[in-house]
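Breakdown of the fold
Each chain, written out:
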Amino acid sequence: MTKLKGKKILLGITGSIAAYKSAVLARLLIKEGAQVQVLMTPAAKAFITPLTLSTLTRRPAFSEVSSEESWHNHVELGLWADAMLIAPATATTLSKLAHGLADNIIVAAYLSARCPVFFAPAMDLDMWAHPATQENVRRLLSYGNHLIPVGEGELASGLVGPGRMAEPEEIASYLSKYWQQEQSLAGRKVLLTAGPTYEAIDPVRFIGNRSSGKMGVALADAAAKRGADVTLIMGPSRLSPQHPGVKTIRVETADQMFQAATRFFPDADISILAAAVADYRPKEASAEKIKKKSEGLTLELVKNPDIAASLGKTKKAGQLLVGFALETHNETANALEKLEKKNFDCIVLNSLQDAGAGFNVDTNKISILHKNNKIRNFELKSKAAVAEDILDEVETLLRQL
Ligand code: C5P
C-alpha cells in the first residue's frame, strides 16, 4: 500500500455509528505514510471524539467552518488535498453533497476541492436502497466522484443486508489502488462493444436480448480512469458511462455495431467485445406494422456478421482482442473453442449457472481463459470490480506483447 506515502488526505467523518471505524482508518492511512486532516460534522462528534482523531492524525480535527476565535479555510483545505475521502458518508451527507448544500465544513471543503473525491456510504439497508439515496449516489458519480461500495452484513439496526461501510482496510486499499492504477493505460486506445442489439421485425417490434450493457460500461469507466482513450460502441441500453472521457457511439443493430467497430478497430491497442450481439436478424424488416391476421407467423432470419471473428481476422501484431462468452452448458469447452475460432487473446467466461452472474445484475463471476489453456477463476464481485480484474489481466498481456 505504499502508494499512500506522502499523499494529503482530507478525511470527512459524518454522523453514523460506523464513525468509530474512522479512527482505525485514520490510523491506517497515517501508518502508510499519508497526511490526514480530519473534518467532522457536528453529528459525528456524538460517535467519536475530535480528541481521538487529532491524537491519531497529529492535527486538530475541524468540525466547524468557524468558531468564536478562528475561521478554518475550507477553500485552502480543498486545494491542499490530493484526495478527499468521506467515510462514513450518511444518507444526509450524500444528499447535501449531491445538491451542494454547504451547511457544514465537509460539504464546504468538498465544493472547493479540485482533487478526486471518494465516499464510503454507511446506513441502514432500506435507507441505502431508497430511490432518493440511489439518485444522490448516481448524481455524485456523474460529477466524477468515486463510490467505495458498501458491504453487506449485520447493520446497527439489527437488520442484515447491504449498507455497511466498507472496512477500513478495504477503503485504504481502494485509495492505494486508485493511485497505483492512475494512468496505467495512458496513451492506449481502447475499443469496447457493449449492450444488446435490436433487430427490427417491423417499425414496432424487434428481436433483442436481456443484456443491460452494465459490464461494458463498467469496463469503459475503468479503462478511462486508467488514462486510456476509450471508444464505447453501445447497443440500445439505458446506461451511460460516468467518466467524461469516454466517447460513446450509440448503435441499434448488429450491422451498425459491425460498421462502427470495423472503423475504430485498426487504431485500437485493446479491443474488448462485451456486447451480446444478435446472431440472426429478420431477412426483411416490414415497413409497416405486421397485423395479426393469421394463426401463425413465420419469420425468416439471416445471419448477422460476427464482429469478433471479423476483427480477429484483421488483428495485427501489437493488438489485443478480448472476447466474452456467456454459456449455459459445456462452458469451458465452448469458451476455448471461441477463443481459438475468433482469434481472441483471452476470453472472459461467465456462466448463467452461477447466481449473480450474467445479464442485468450488478455482480458477475468470471473466469478468464487464455490461449495456453490457463484459466483464472474469480470470486463473485461487483461489475466495477470485475472490470478492474479484466483490465489487470489485459495489462499483464500487454506487457508480454
Ligand atoms: O459466439 P458468441 O456470440 O458466443 O461469442 C461471444 C463473443 O463474440 C463476444 O465477445 C461477443 O461480443 C462477440 N460477438 C460479436 N459478434 C457477433 C457475435 C458475437 O462480436 N455477431
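Residues numbered from 1 in each chain as written. Predicted model: local features only at pLDDT ≥ 70, side-chain atom pairs only at ≥ 80, totals over all residues. Heavy atoms only, no water.

**A look at the site of the ligand**
Formally: Near is defined per residue: the residue qualifies when any heavy atom it owns lies within 4 Å of the molecule or strand. We call two N or O atoms a polar contact when they sit within 3.5 Å, provided that within protein one can donate a hydrogen and the other can accept it, with sequence-adjacent residues counted only if both atoms are side-chain atoms. All accessible-area figures derive from a Shrake-Rupley calculation using a 1.4 Å probe, and residue coverage is judged against the displayed protein chains alone. A run of DSSP states H or I qualifies as a helix once it reaches four residues; a run of E qualifies as a strand once it reaches two. Both are numbered from the N-terminal end.
Looking at the ligand, the residues that line it are L273, A275, V277, D279, P305, D306, I307, A308, G323, F324, K338 and K342. The contact in question runs from an oxygen atom of the ligand to an N or O atom on the backbone of A308, over 2.9 Å. Contacts to the ligand include F324, whose backbone N or O atom sits 2.8 Å from an oxygen atom. Considered on its own, the ligand offers 440 Å² of accessible surface; in the complex 87% of this is hidden by protein. Among the elements of the structure, α11 (307-314) and β16 (320-327) are those that each provide at least two residues to the shell around the ligand.

**Describing the pattern of salt bridges**
Let me state the cut-off plainly: Criterion for a salt bridge: a side-chain nitrogen of Lys or Arg within 4 Å of a carboxyl oxygen of Asp or Glu.
In this structure the tally under the stated criterion is 16 salt bridges. Between E167 and K21 there is a salt bridge whose closest N-O contact spans 3.2 Å. Taken together, the positions of E167 in the loop between β7 (160-164) and α8 (168-181) and K21 in helix α1 (residues 20-31) put the pair 146 residues apart, joining distant regions of the chain. One network of salt bridges, with partners in common, ties together K225, R226, E388, D392 and E395.

**Describing the nonpolar core**
The condition that has to hold: Here, nonpolar core refers to any group of buried Ala, Val, Leu, Ile, Met, Phe, Trp, Tyr and Cys residues whose side-chain atoms link them within 4.5 Å. Partly exposed residues are those whose accessible area sits between 20% and 50% of the maximum for their type, while under 20% is buried and over 50% is exposed, using a 1.4 Å probe and protein chains only.
Membership of the largest hydrophobic core comes to 36 residues, with the highest contact counts inside it found for L192, L219, V230, L232, I272, F324 and I390. When contributions to this core are tallied by element, the ones reaching two or more residues are β8 (189-194), α9 (214-225), β11 (229-234), β13 (270-273), β16, β17 (346-351), β19 (366-370) and α13 (383-400). Considering each element in turn, this core owes the most residues, eight residues, to α9. The next biggest cluster of nonpolar side chains, apart from the first, holds 34 residues, and it includes A23, A34, M40 and A166.

**What about the packing of aromatic side chains?**
Any aromatic ring pair is given by two values, namely how distant the centres are and how the planes are angled relative to each other. How we decide: Any two of the Phe, Tyr and Trp rings considered here, Trp counted by its six-membered ring, make a pair once their centres fall within 6.5 Å; the pair's planes then place it as stacked at under 30 degrees, edge-to-face at over 60, or tilted in between.
Tallying each qualifying case throughout the model produces four aromatic pairs. Taken together, a centroid distance of 5.1 Å and an interplanar angle of 85 degrees make the contact between F118 and Y178 edge-to-face. Taken as a pair, F118 in strand β4 (residues 117-121) and Y178 in helix α8 lie far apart in primary sequence, 60 residues in all. Each member of the pair, F118 together with Y178, is buried. Summarising the aromatic geometry, the rings of Y198 and F206 are spaced 3.7 Å apart at their centres and angled 15 degrees between planes, so their arrangement reads as stacked. Relative accessible area serves as the criterion here: at 23%, Y198 is assigned to the partly exposed category. Taking the relative accessible area as the measure of exposure, F206 reaches 41% and is therefore partly exposed. Counting every residue linked through ring pairs, the aromatic cluster contains F118, Y174, Y178 and W179.

**Brief notes about a positive patch on the surface**
Condition: Only residues whose relative accessible area exceeds 30% and that form no salt bridge are eligible for patches; like-charged ones are grouped when within 9 Å, while nonpolar side chains (Val, Leu, Ile, Met, Phe, Trp, Tyr) are grouped when within 5 Å. When charges are counted, Lys and Arg contribute as positive and Asp and Glu as negative, whereas His and the chain ends are disregarded. For the purpose of locating charges, the reference atoms are NZ of Lys, CZ of Arg, CG of Asp and CD of Glu.
A cluster of basic residues, K289, K291, K292 and K293, forms a positive patch on the protein surface. Here K291 is to be found in the loop between β14 (280-282) and β15 (301-303). The exposure class assigned to K291 is exposed, which follows from its relative accessible area of 57%.

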